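Descriptive structure summary
Spelled out, the chains give:
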Amino acid sequence: MHSQKTPTMGKTLHNTHFREYNWDYCQPAIYLLTFTTTDRRPLLGSLVGDVDNARIEPSEIGWRVTEIFSNLPHYYPQLQVLSRMIMPDHFHVIVRVASPLEHPLGYCMRAFKWACNKEWKSLCPEADKPLFAPDFYPSRLKGPGQLQIMFDYLRDNPRRLAVKHQCPGFFRLQRNVLLEGTTCDMVGNQCLLLAQRMIAVHVRRVWNAEQTRAFMNECILAARQGAVLISPFISEAERAVRDEALKEHLSIIVVHDKPLPELYKPEPMYFDACREGRILIISPVKGHFLNKDLTYAQCKEMNALSEAIASNSNTAPSRNVIVD
């Protein structure tokens, strides 16, 4: 694979739905990259074992894909491969861009996919579609501790796939569901929307510490009695309620602040709750949330959706109707 022979690309090298705004993809960074096979065909390997000992047995093309990416730094010495995980219908890799690239990252990844498609054609001459879909999904490391989360995520992928095979319904992405006049995408247990009691977890800025603690306790006590907690869980106190609910295996609905892509899997902290039917993740289908830091107006919008959904329950704490 020689970079000078690789077919050229235009300046837009990433699917704009997942590309980060205002980020130069030539600059040093660490990325978790995901490549999916065309039509999500399980060509790269097979799941072996159950949830407790799940692993992926790569196919011949799966082995070759792994080898091609491992050799990529030979042609692009700025790249360092930190970890890889082959899955039946996609390929994850953690890569460090150690020094500035001459061309954006997408150029190097196109070289990788071009070499993989060449191998695929040699193994399967009758194939009428390329091995990989046109786009790939870059997720950039942004904070301390995130690299270990990326490593753990890759390592846990086979187990998560085994879990999804056991409980497919809770991991199925539902598109364009109308909730209180807002079009949403969802993953998880939709039956939580039918709960007899729902509490919108919204800690008000005007509350003092005692009022905040009382409301947090009220939420957890109600959840222990069967109420479903719903919130975007933005503030530190709201996240503390969420974390305690997850720890105690209580039911929550999370209003997510980003779109849910086709590849979406619940975050590790939500994954087991999803398997057990204790969580529903809702994403308002709004383009202005995409890849941007949340504004105060957007936080209010998500809290308003949470409270509108919660208002359909039989009883809700009176604090839910306090206006900022």
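**What to know about the side chain of Gln78**
Counting through the fold element by element, Gln78 comes out in the loop between helix 2 (72-75) and strand 4 (79-86). Residue classification places Gln78 among the buried residues on the basis of a relative accessible area of 18%. Those residues in contact with Gln78, other than ones at most four positions away along the chain, are Arg96, Val97, Ala98, Ser99, Pro100, Leu101 and Glu102.

**Thoughts on the confidence of the model for the protein**
Taken residue by residue, the protein gives an average pLDDT of 86. The fraction at 70 or more is 88%. When mean pLDDT is compared element by element in the protein, helix 1 (residues 60-70) scores highest at 97, while helix 4 (residues 146-166) scores lowest at 88. In this model residues 314-324 is a low-confidence stretch, pLDDT under 50, and it forms 24 contacts with partners more than four residues away in sequence or in other chains.

**Thoughts on the sheet that holds strand 12 (residues 279-284)**
Taking strand neighbours across the sheet as the criterion, the six strands line up as 7-8-12-11-10-9 in an open arrangement whose pairing is mixed. At either margin of the open sheet sits one strand with a lone partner, and together these are strand 7 (174-179) and strand 9 (198-200). Across the sheet, the axes of successive neighbouring strands diverge by a mean angle of 30 degrees, strand direction being ignored. Of the strands in this sheet, strand 8 (182-188), strand 11 (252-255) and strand 12 touch helix 7 (residues 268-275), which is tilted by about 120 degrees from strand 12.

**Notes on the packing of helix 5 (residues 209-224) against helix 6 (residues 236-247)**
Between helix 5 and helix 6, the shortest axis-to-axis distance is 10 Å and the interhelical angle comes to 25 degrees. Comparing their axes, helix 6 and helix 5 come out roughly parallel. Judged by the twist between their axes, the crossing of helix 5 over helix 6 is right-handed. The residues of helix 6 that touch helix 5, namely those facing Thr212, Met216, Cys219, Ile220 and Arg224, are Ala237, Ala240, Val241, Glu244 and Ala245. Here the contact of helix 5 with helix 6 is composed, by residue class, of seven nonpolar, one polar and two charged.

Calculation notes
Residues numbered from 1 in each chain as written. Predicted model: local features only at pLDDT ≥ 70, side-chain atom pairs only at ≥ 80, totals over all residues. Heavy atoms only, no water. Helix = DSSP H or I, 4+ residues; strand = E, 2+ residues; numbered from the N terminus. Buried < 20%, exposed > 50% of the residue type's maximum accessible area, 1.4 Å probe, protein only. Contact = heavy atoms within 4.5 Å. pLDDT = per-residue confidence, 0-100. Pairing = 2+ DSSP bridges. Axes fitted to C-alpha atoms, helices over the stretch in contact; angles between N-to-C directions. Parallel < 35°, antiparallel > 145°, perpendicular 65-115°, else oblique. Left-handed = near helix turned anticlockwise from the far one by under 90°. Nonpolar A, V, L, I, M, F, W, Y, C, P; charged D, E, K, R; others polar.

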